[in-house]
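Topology and contacts: notes
Below, each chain spelled out in residue letters.
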Amino acid sequence: MDEIDVTPANVAPVIEGVDEQPETAREVVFEIRDGAVRYGSNLAVADVNFDVGAREITAIIGPSGCGKSTFLRCLNRMNDFIPGAKVEGRITYHGENLYDPKVDAAEVRRRVGMVFQKPNPFPKSIFDNVAYGPRINRFKGDLHDLVEQALTRAALWDEVKDKLKKSAYALSGGQQQRLCIARTLAVQPDVVLMDEPCSALDPIATSRIEDLMVELKRDFTIVIVTHNMQQAARVSDMTAFFTTDVGEDASRVGRLVEFDRTHTIFTSPSDQRTEGYITGRFG
Amino acid sequence: MSMTMTPPAPAPTPARPSIRRSSAGPWRSAKSAIASTLIVGSLVVAIVPLVLIVGYVIVRGIDSISWAFLTDDIPILSRSEGPGMGPAVVGTLLITGAATVMAVPLGVLGGIYLNEYSARTALGRVVRFLAEVMTGVPSIVMGLFIYSIWVLRFGVSGFAGALALGCLMLPVVIRTTEEMLKLVAPELRESAYALGGRKAGTILRVVLPAAAPGIVSGALLAVARAAGETAPLLFTILTVNATNTNLFHGPNTTLSVQIFRNAQQVFPGPQQRAWGAALTLIAIVFIFTLLSRGLSAVFSRKHRV
């Protein structure tokens, strides 16, 4: 994946099957059919249909305001907290309807963790930040081991092992974001959703987080929303391209335009709008 | 401005406006000077009375202060000279303490309810409105209220006074708590929820600690305020000359009430005691305020860089 050149002028002939797994081996984590989000009576996102495969990185790209983040938040029921927000269509998680009234949303969020755009550690020590999730989920076992494991996986352990009792606010922005990733990993989730996790970080911190994502892919399913097309091209296996449809009454609805292998999206997109966006003609 | 920004194409470059201050016009500097003067003036006007009051109370009251003054009984013959404000010191601490124990937990819970559980419900709006109205109730009316619902049935006691003070503190604590909770970054709640947190646990473990400095500060200011209240105590605790440590039985007294009673006398003895009581009260309130600042600082320093 790393070698892909995203400039369309240099689009190489697509070599089928280079990084493909046989379709039958794909384990589906999320199945989204006619996914839509309404805020009150306003339709914000509509017509979303795609599957998120296990241990894959799925990138969601698209121009600002096309509902990428709104949609991402459907996958762990974070939209529950927005008054008036309503999710329509059918979203299943390992075959179970995510929006069944019997589903425990807190349990969903424990399994489907989320890393936000801005690093947002708790006003607690580094250790307590990572230990927070296990503690509230009544983790029984060696908390120190778990915290070390999570910090190691987030590639932060060596930088913070001598100052675990220090405030999390003493860390740099990139470190704080890795701390937030460690905090998410500590509850041992199945999926990690990332909402523009690098947009507040410099290129060095960004590349560390990207390396981390590729590393985490072995054990976790990752869905990432990003503004940065190069980032999507660098790290993701599958890419969903969203755009904004402006209706006659000036209503703006985000829609899924195309979903395919990242390689295909960036080399031979089947929709003109996708091509326009990745070549920088709009958005 | 717009003419210098879009010069006609072939014309010679127009003179660039100077960046020196004078070019902004003399009226702007004049406005600045006037505003600065007004602000500094207001500061002086606000501080002068404060300094005068505190200074005068210290000058007049410092001679009274002694260990005996803080612990001895109040002379039975009010015109006699010499120390004794012990019962009032004890009463102030007891009654204000009891009011705090009742009002602060209730008020914090009320603020949590308003902000976290009923921000948009009709009941929430009603409670918030009533708390606002309650803030504006004159303290003597609050005293009358307690007099009619409590004192007429159970007689005067320090507890009746504490009830009145507690009713005065309650809306302040509710409103401060609500405002402080509102300031907690939504991202903090979100990240707690994203880790599988539930509402009550998130409020207890994340939201309240983040808002704690402000809540502590607000609560202790309400305490300091209550310690100085006189009117609601006049007919709920009456007065007494010997220390009454029983909060629930018999009349009691506080520094504020003693200031009121002694300052009315024409004799120099009680007047001197009133000055001493005033200084003691200011000192107690000052200590409360320092405590509130210190506590908030400890809370916030713990987790800042």
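Predicted, not measured: the structure shown is a model, and the values here were computed from it. (Residues numbered from 1 in each chain as written. Chains lettered and ligands numbered in written order. Predicted model: local features only at pLDDT ≥ 70, side-chain atom pairs only at ≥ 80, totals over all residues. Heavy atoms only, no water.)

Brief notes about the overall build of chain A
The helix and strand tally for chain A stands at 10 helices and 10 strands. Its C-alpha atoms give chain A a radius of gyration of 19 Å, near enough to 19 Å, the size a compact globule of 283 residues would have. When each of the 283 residues of chain A is scored for burial, the buried share is 53%. Sequence separation of at least 24 residues holds for 69% of the intrachain contacts in chain A that already meet a minimum separation of 6. Here chain A has roughly 12800 Å² of accessible surface; of this, 46% comes from carbon and sulfur atoms. (Helix = DSSP H or I, 4+ residues; strand = E, 2+ residues; numbered from the N terminus. Rg over C-alpha atoms; globule rule 2.2 N^0.38 Å. Buried < 20%, exposed > 50% of the residue type's maximum accessible area, 1.4 Å probe, protein only. Contact = heavy atoms within 4.5 Å. Areas by Shrake-Rupley, 256 points an atom, 1.4 Å probe, with all protein chains shown as cover.)

Section: helix H9 (residues 199-227) of chain B
A rise of 1.5 Å per residue sets the reference length of H9(B), with its 29 residues, at 42 Å; its end C-alpha atoms lie only 36 Å apart and thus fall more than 12% short of the reference. At B:Ala212, H9(B) shows its largest kink, close to 55°, and the proline B:Pro213 lies no more than four residues downstream. (Expected span 1.5 Å × (residues − 1). Bend = angle between axes of the 7 residues up to and from the residue.)

Quick word on the environment of B:Met102
Tracing the backbone shows B:Met102 in helix H4 (residues 86-117). Distance in space between the C-alpha atoms of B:Met102 and B:Ile203 is 22 Å, their sequence separation being 101 residues.

Notes on the environment of A:Ala105
Residue and element names in this part refer to chain A. Locating Ala105 in the fold gives a position in helix H2 (residues 105-111). The sequence separation of Ala105 and Asp219 amounts to 114 residues, and the corresponding C-alpha distance is 23 Å. Contacts of Ala105, omitting those with residues within four sequence positions, involve Arg77 and Asp80.

A few points about the packing of aromatic side chains
Residues and elements named next belong to chain B. A complete count under the given rule lists 12 aromatic pairs over all chains for this structure. Ring centres of Tyr56 and Trp275 lie 5.4 Å apart, and the angle between their planes is 85°; on these two criteria the pair is classed as edge-to-face. Of this pair, Tyr56 sits in helix H2 (residues 26-61) while Trp275 sits in helix H12 (residues 268-301), and the two are 219 residues apart along the sequence. The exposure class assigned to Tyr56 is partly exposed, which follows from its relative accessible area of 45%. Overall, the relative accessible area of 23% leaves Trp275 in the partly exposed class. (Phe/Tyr/Trp six-rings, centres within 6.5 Å; stacked < 30°, edge-to-face > 60°.)

Overview of the interface of chain B and chain A
The partner chain A presents 31 residues to the 20 residues of chain B that form the contact. Across the chain B/chain A interface, buried area totals approximately 2100 Å², and carbon plus sulfur atoms make up 63% of it. Seen at the junction of chain B and chain A, the total is two salt bridges. Between B:Glu190 and A:Arg73 there is a salt bridge whose closest N-O contact spans 2.9 Å. Between chain B and chain A we count five residue pairs in polar contact (both at pLDDT 80 or more) in total. Within the residue set of the side of chain B that touches chain A, elements represented by two or more residues are helix H8 (186-194) and H9 of chain B. For the side of chain B that touches chain A, the element with the most residues is H8(B), which contributes seven residues. (Buried area = accessible area lost by both parts, 1.4 Å probe. Salt bridge = Lys/Arg side-chain N within 4 Å of Asp/Glu carboxyl O. Polar contact = N/O pair within 3.5 Å; in protein donor to acceptor, adjacent residues only side chain to side chain.)

Let's talk about the side chain of B:Gln258
With respect to the secondary-structure elements, B:Gln258 resides in helix H11 (residues 255-263). Beyond its immediate chain neighbours, meaning those up to four positions away, B:Gln258 contacts B:Ile74, B:Met85, B:Ala88, B:Thr239, B:Val240, B:Thr253 and B:Ala263.

A closer look at the pairing of strand S3 (residues 57-61) of chain A
All names here are of chain A. Within S3, five of the five residues are buried, which leaves it mostly tucked inside the rest of the structure. The side-chain alternation of S3 yields two buried faces, one formed by Ile57, Ala59 and Ile61 and the other by Thr58 and Ile60. Summarising the sheet, S3 and strand S8 (residues 221-225) pair through four bridges and their orientation is parallel. Considered in S8, the bridge of Ala59 is made with Ile224. (Pairing = 2+ DSSP bridges.)

Quick word on the packing of helix H3 (residues 126-136) of chain A against helix H4 (residues 143-153) of chain A
Residue and element names in this part refer to chain A. The geometry of H3 relative to H4 is characterised by a closest axis approach of 10 Å and an angle of 115° between their N-to-C directions. Relative to H4, the element H3 is oriented roughly perpendicular. Seen from above, H3 lies across H4 with right-handed handedness. Two secondary-structure elements touch here, H3 through Phe127, Val130, Ala131, Pro134 and Arg135 and H4 through Leu143, His144, Leu146, Val147, Ala150 and Leu151. Among the residues forming the contact of H3 with H4, the class breakdown is nine nonpolar, one polar and one charged. (Axes fitted to C-alpha atoms, helices over the stretch in contact; angles between N-to-C directions. Parallel < 35°, antiparallel > 145°, perpendicular 65-115°, else oblique. Left-handed = near helix turned anticlockwise from the far one by under 90°. Nonpolar A, V, L, I, M, F, W, Y, C, P; charged D, E, K, R; others polar.)

Honestly, that's just the spatial picture; any functional story needs more than this.
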